[in-house]
Amino acid sequence: MKGKMDERQTLTRNRIGNQTLLLMAFLLYADLGLNGEGYGWPAYPLNIVTILTIGLGCYIVRLIRNGAFSGASDMSRQARLLLAWSVTLIIAAIVLVSWLASGSDEALLGSWVQPVLLAGLAGMVLLALGWMIRRRNARDEDE
Amino acid sequence: MAKNVRMKAARAAHGLSQKDLAEAVGVTRQTIIAIENGDYNPTLRLCIEICRRLHTTLDQLFWEDEEG
(Lines give C-alpha, C1' and ligand atoms only; values in the text may rest on other atoms or scores of the structure.)
Protein backbone atom coordinates (compact mmCIF):
# COMPACT_ATOMS: atom_id res chain seq x y z
CA MET A 1 0.00 0.00 0.00
CA LYS A 2 1.59 3.24 -1.13
CA GLY A 3 -0.33 6.09 0.43
CA LYS A 4 -3.63 4.64 -0.73
CA MET A 5 -6.47 4.46 1.74
CA ASP A 6 -7.74 1.04 2.66
CA GLU A 7 -11.39 -0.01 2.65
CA ARG A 8 -12.10 1.01 6.26
CA GLN A 9 -10.55 4.42 5.70
CA THR A 10 -12.52 4.95 2.49
CA LEU A 11 -15.79 4.01 4.19
CA THR A 12 -15.03 6.24 7.17
CA ARG A 13 -14.05 9.17 4.96
CA ASN A 14 -17.22 8.83 2.88
CA ARG A 15 -19.42 8.65 6.00
CA ILE A 16 -17.76 11.70 7.56
CA GLY A 17 -17.94 13.57 4.24
CA ASN A 18 -21.67 12.89 3.92
CA GLN A 19 -22.32 14.02 7.48
CA THR A 20 -20.24 17.17 6.98
CA LEU A 21 -22.13 18.01 3.79
CA LEU A 22 -25.44 17.71 5.66
CA LEU A 23 -24.10 19.80 8.54
CA MET A 24 -22.95 22.56 6.19
CA ALA A 25 -26.22 22.51 4.24
CA PHE A 26 -28.14 22.75 7.54
CA LEU A 27 -26.01 25.68 8.72
CA LEU A 28 -26.30 27.50 5.37
CA TYR A 29 -30.09 27.09 5.30
CA ALA A 30 -30.33 28.11 8.95
CA ASP A 31 -28.23 31.17 8.16
CA LEU A 32 -30.53 31.97 5.22
CA GLY A 33 -33.69 31.40 7.23
CA LEU A 34 -32.58 33.45 10.20
CA ASN A 35 -31.30 36.30 8.02
CA GLY A 36 -32.80 39.58 9.19
CA GLU A 37 -34.57 38.00 12.15
CA GLY A 38 -32.65 39.99 14.70
CA TYR A 39 -30.01 37.42 15.56
CA GLY A 40 -26.53 38.76 16.09
CA TRP A 41 -24.63 37.11 13.28
CA PRO A 42 -21.81 38.26 10.94
CA ALA A 43 -22.78 39.73 7.58
CA TYR A 44 -21.84 38.27 4.18
CA PRO A 45 -19.18 37.04 3.37
CA LEU A 46 -18.09 36.42 6.96
CA ASN A 47 -21.13 34.23 7.67
CA ILE A 48 -20.28 31.90 4.76
CA VAL A 49 -16.60 31.81 5.71
CA THR A 50 -17.55 30.94 9.32
CA ILE A 51 -19.82 28.11 8.21
CA LEU A 52 -17.20 26.77 5.77
CA THR A 53 -14.53 26.93 8.50
CA ILE A 54 -16.76 25.06 10.95
CA GLY A 55 -17.56 22.40 8.32
CA LEU A 56 -13.95 21.95 7.20
CA GLY A 57 -12.67 21.97 10.78
CA CYS A 58 -15.13 19.25 11.80
CA TYR A 59 -14.26 17.24 8.68
CA ILE A 60 -10.49 17.33 9.19
CA VAL A 61 -10.59 16.74 12.95
CA ARG A 62 -12.94 13.76 12.55
CA LEU A 63 -10.82 12.31 9.72
CA ILE A 64 -7.71 12.47 11.92
CA ARG A 65 -9.54 11.08 14.96
CA ASN A 66 -10.79 8.12 12.93
CA GLY A 67 -7.44 7.48 11.24
CA ALA A 68 -8.85 8.15 7.76
CA PHE A 69 -6.81 11.17 6.70
CA SER A 70 -4.28 9.29 4.59
CA GLY A 71 -2.66 5.91 4.15
CA ALA A 72 0.06 5.31 6.69
CA SER A 73 2.73 3.34 4.87
CA ASP A 74 4.66 6.04 3.04
CA MET A 75 3.94 8.84 5.49
CA SER A 76 7.51 9.06 6.72
CA ARG A 77 8.88 9.62 3.20
CA GLN A 78 6.27 12.30 2.54
CA ALA A 79 7.06 13.91 5.88
CA ARG A 80 10.79 13.97 5.14
CA LEU A 81 10.18 15.60 1.74
CA LEU A 82 7.81 18.14 3.25
CA LEU A 83 10.26 18.93 6.04
CA ALA A 84 13.05 19.49 3.51
CA TRP A 85 10.88 21.79 1.41
CA SER A 86 9.58 23.75 4.40
CA VAL A 87 13.02 24.28 5.90
CA THR A 88 14.39 25.32 2.50
CA LEU A 89 11.57 27.81 2.01
CA ILE A 90 11.94 29.31 5.47
CA ILE A 91 15.71 29.64 5.07
CA ALA A 92 15.12 31.22 1.64
CA ALA A 93 12.67 33.67 3.22
CA ILE A 94 15.13 34.61 5.96
CA VAL A 95 17.93 35.09 3.42
CA LEU A 96 15.64 37.19 1.24
CA VAL A 97 14.59 39.34 4.21
CA SER A 98 18.17 40.02 5.26
CA TRP A 99 19.31 40.63 1.68
CA LEU A 100 16.45 42.93 0.72
CA ALA A 101 16.41 44.72 4.08
CA SER A 102 19.94 45.85 3.44
CA GLY A 103 18.76 47.46 0.17
CA SER A 104 15.67 48.88 1.95
CA ASP A 105 13.44 48.11 -1.04
CA GLU A 106 10.21 47.52 0.86
CA ALA A 107 7.98 46.87 -2.18
CA LEU A 108 10.25 44.09 -3.40
CA LEU A 109 10.54 42.78 0.16
CA GLY A 110 6.75 42.42 0.47
CA SER A 111 6.22 40.87 -2.95
CA TRP A 112 8.86 38.13 -2.59
CA VAL A 113 9.13 37.25 1.03
CA GLN A 114 5.51 36.86 2.06
CA PRO A 115 4.57 34.03 -0.35
CA VAL A 116 7.80 32.16 0.39
CA LEU A 117 7.35 32.52 4.14
CA LEU A 118 3.69 31.53 3.94
CA ALA A 119 4.54 28.44 1.88
CA GLY A 120 7.14 27.45 4.47
CA LEU A 121 4.70 27.97 7.31
CA ALA A 122 2.02 26.00 5.45
CA GLY A 123 4.52 23.16 5.11
CA MET A 124 5.18 23.30 8.85
CA VAL A 125 1.44 23.15 9.56
CA LEU A 126 1.13 20.11 7.29
CA LEU A 127 4.08 18.50 9.07
CA ALA A 128 2.41 19.08 12.44
CA LEU A 129 -0.75 17.53 11.01
CA GLY A 130 1.26 14.53 9.77
CA TRP A 131 2.88 14.16 13.17
CA MET A 132 -0.55 14.17 14.83
CA ILE A 133 -1.79 11.50 12.40
CA ARG A 134 1.22 9.26 12.94
CA ARG A 135 0.87 9.66 16.70
CA ARG A 136 -2.79 8.76 16.37
CA ASN A 137 -1.94 5.72 14.21
CA ALA A 138 0.58 4.50 16.77
CA ARG A 139 -1.94 4.36 19.62
CA ASP A 140 -3.82 1.34 20.95
CA GLU A 141 -0.87 -0.99 20.49
CA ASP A 142 -2.02 -4.15 22.18
CA GLU A 143 0.71 -6.52 21.08
CA MET B 1 -19.90 -7.15 17.09
CA ALA B 2 -17.80 -9.46 19.28
CA LYS B 3 -14.02 -9.34 19.46
CA ASN B 4 -12.27 -11.58 16.96
CA VAL B 5 -10.04 -13.51 19.34
CA ARG B 6 -9.45 -16.28 16.80
CA MET B 7 -7.86 -13.90 14.34
CA LYS B 8 -5.65 -12.46 17.05
CA ALA B 9 -4.61 -15.96 18.12
CA ALA B 10 -3.90 -17.03 14.52
CA ARG B 11 -1.82 -13.93 13.96
CA ALA B 12 0.14 -14.51 17.15
CA ALA B 13 0.65 -18.16 16.21
CA HIS B 14 2.35 -17.05 13.01
CA GLY B 15 4.53 -14.63 14.96
CA LEU B 16 3.07 -11.62 13.16
CA SER B 17 2.49 -8.22 14.69
CA GLN B 18 -0.53 -6.16 13.73
CA LYS B 19 1.77 -4.02 11.61
CA ASP B 20 3.20 -7.07 9.79
CA LEU B 21 -0.24 -8.42 8.99
CA ALA B 22 -1.48 -4.99 7.94
CA GLU B 23 1.39 -4.58 5.50
CA ALA B 24 0.95 -8.12 4.19
CA VAL B 25 -2.71 -7.61 3.32
CA GLY B 26 -2.39 -3.96 2.24
CA VAL B 27 -4.32 -2.11 4.94
CA THR B 28 -3.42 0.17 7.84
CA ARG B 29 -2.64 -1.21 11.29
CA GLN B 30 -5.70 0.55 12.66
CA THR B 31 -7.89 -1.53 10.37
CA ILE B 32 -6.41 -4.74 11.79
CA ILE B 33 -6.97 -3.38 15.32
CA ALA B 34 -10.57 -2.51 14.43
CA ILE B 35 -11.22 -6.01 13.03
CA GLU B 36 -9.69 -7.73 16.07
CA ASN B 37 -11.67 -5.50 18.44
CA GLY B 38 -14.88 -6.14 16.51
CA ASP B 39 -15.26 -2.47 15.58
CA TYR B 40 -15.09 -3.04 11.83
CA ASN B 41 -16.69 -5.65 9.60
CA PRO B 42 -14.19 -6.32 6.78
CA THR B 43 -15.18 -7.02 3.18
CA LEU B 44 -14.98 -10.56 1.84
CA ARG B 45 -11.93 -9.61 -0.22
CA LEU B 46 -10.02 -8.51 2.89
CA CYS B 47 -11.20 -11.57 4.86
CA ILE B 48 -9.82 -13.83 2.12
CA GLU B 49 -6.51 -11.93 2.09
CA ILE B 50 -6.18 -12.32 5.86
CA CYS B 51 -7.04 -16.01 5.71
CA ARG B 52 -4.49 -16.62 2.96
CA ARG B 53 -1.80 -14.83 4.94
CA LEU B 54 -2.62 -16.72 8.14
CA HIS B 55 -3.10 -20.07 6.33
CA THR B 56 -6.60 -20.55 7.68
CA THR B 57 -10.08 -20.70 6.22
CA LEU B 58 -12.85 -18.13 6.36
CA ASP B 59 -15.00 -20.17 8.75
CA GLN B 60 -12.07 -20.75 11.11
CA LEU B 61 -11.50 -17.03 11.50
CA PHE B 62 -14.77 -15.26 10.81
CA TRP B 63 -17.68 -17.62 11.30
CA GLU B 64 -19.69 -16.78 14.42
CA ASP B 65 -21.88 -19.63 15.62
CA GLU B 66 -24.81 -19.43 18.05
CA GLU B 67 -22.61 -19.43 21.13
CA GLY B 68 -20.52 -16.61 19.63
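Below: a short report on this structure. (Residues numbered from 1 in each chain as written. Chains lettered and ligands numbered in written order. Predicted model: local features only at pLDDT ≥ 70, side-chain atom pairs only at ≥ 80, totals over all residues. Heavy atoms only, no water.)

**A few points about the overall build of chain A**
Thought 1: When its secondary structure is counted, chain A shows four helices and zero strands.
Thought 2: Mapped from its N terminus to its C terminus, chain A presents α and β elements in the order α-α-α-α.
Thought 3: Per-residue burial for chain A yields a buried fraction of 25% across its 143 residues.
Thought 4: Nonlocal contacts in chain A, meaning residues at least 24 apart in sequence, comprise 74% of its contacts between residues at least 6 apart.
Thought 5: Carbon together with sulfur atoms contributes 68% to the accessible area of chain A, which is approximately 9700 Å² in total. (Helix = DSSP H or I, 4+ residues; strand = E, 2+ residues; numbered from the N terminus. Buried < 20%, exposed > 50% of the residue type's maximum accessible area, 1.4 Å probe, protein only. Contact = heavy atoms within 4.5 Å. Areas by Shrake-Rupley, 256 points an atom, 1.4 Å probe, with all protein chains shown as cover.)

**Looking at a nonpolar patch on the surface**
All names here are of chain A.
Thought 1: Together, Leu83, Val87, Ile91, Val95 and Met124 make up a nonpolar patch on the protein surface, roughly 390 Å² of accessible area in all.
Thought 2: Sorting elements by how many residues they give to the nonpolar patch places helix H3 (residues 75-103) first, with four residues.
Thought 3: Residue placement: Val95 occurs in helix H3.
Thought 4: Residue Val95 is classed as partly exposed on the basis of its relative accessible area of 48%. (Patch = residues over 30% accessible without salt bridge, like charges linked within 9 Å, V, L, I, M, F, W, Y side chains within 5 Å. Salt bridge = Lys/Arg side-chain N within 4 Å of Asp/Glu carboxyl O.)

**Things to note about the pattern of salt bridges**
Thought 1: Scanning the entire structure with this criterion turns up three salt bridges over all chains.
Thought 2: Between A:Glu7 and B:Arg45 there is a salt bridge whose closest N-O contact spans 3.7 Å. In this pair, A:Glu7 sits in helix H1 (residues 7-33) while B:Arg45 sits in helix H4 (residues 44-54), so the two residues belong to two different chains.
Thought 3: The exposure class assigned to B:Arg45 is partly exposed, which follows from its relative accessible area of 48%.
Thought 4: In this structure, the salt-bridge partner of B:Arg11 is B:Glu36, at a minimum N-O distance of 2.6 Å. Of this pair, B:Arg11 sits in helix H1 (residues 5-13) while B:Glu36 sits in helix H3 (residues 29-36), placing them 25 residues apart in sequence.

**Notes on the nonpolar core**
Grouped burial of nonpolar side chains is what soluble globular proteins tend to show.
Residue and element names in this part refer to chain B.
Thought 1: Within the largest apolar cluster, 16 residues are counted, with the highest numbers of intra-cluster contacts made by Met7, Leu21, Val25, Ile32, Ile50, Leu54 and Leu61.
Thought 2: Looking at this core, the elements with two or more residues in it are H1, helix H2 (18-25), H3 and H4.
Thought 3: It is H4 that provides the largest number of residues to this core, a total of four residues.
Thought 4: Aside from chain neighbours lying at most four places away, what touches Ile50 is Met7, Val25, Ile35, Leu61 and Phe62. (Core = buried A, V, L, I, M, F, W, Y, C linked by side-chain atoms within 4.5 Å.)

**Description of the packing of H1(B) against H3(B)**
Residues and elements named next belong to chain B.
Thought 1: Where H1 contacts H3, the two axes come as close as 8 Å, and the packing angle between them is 130°. The angle between H1 and H3 falls in the class oblique. On H3, the residues that touch Met7, Lys8 and Arg11 of H1 are Ile32, Ile35 and Glu36.
Thought 2: A class-by-class count of the residues in the contact of H1 with H3 yields three nonpolar, no polar and three charged. (Axes fitted to C-alpha atoms, helices over the stretch in contact; angles between N-to-C directions. Parallel < 35°, antiparallel > 145°, perpendicular 65-115°, else oblique. Nonpolar A, V, L, I, M, F, W, Y, C, P; charged D, E, K, R; others polar.)

Functional significance is not addressed by these values, which are geometric in nature.
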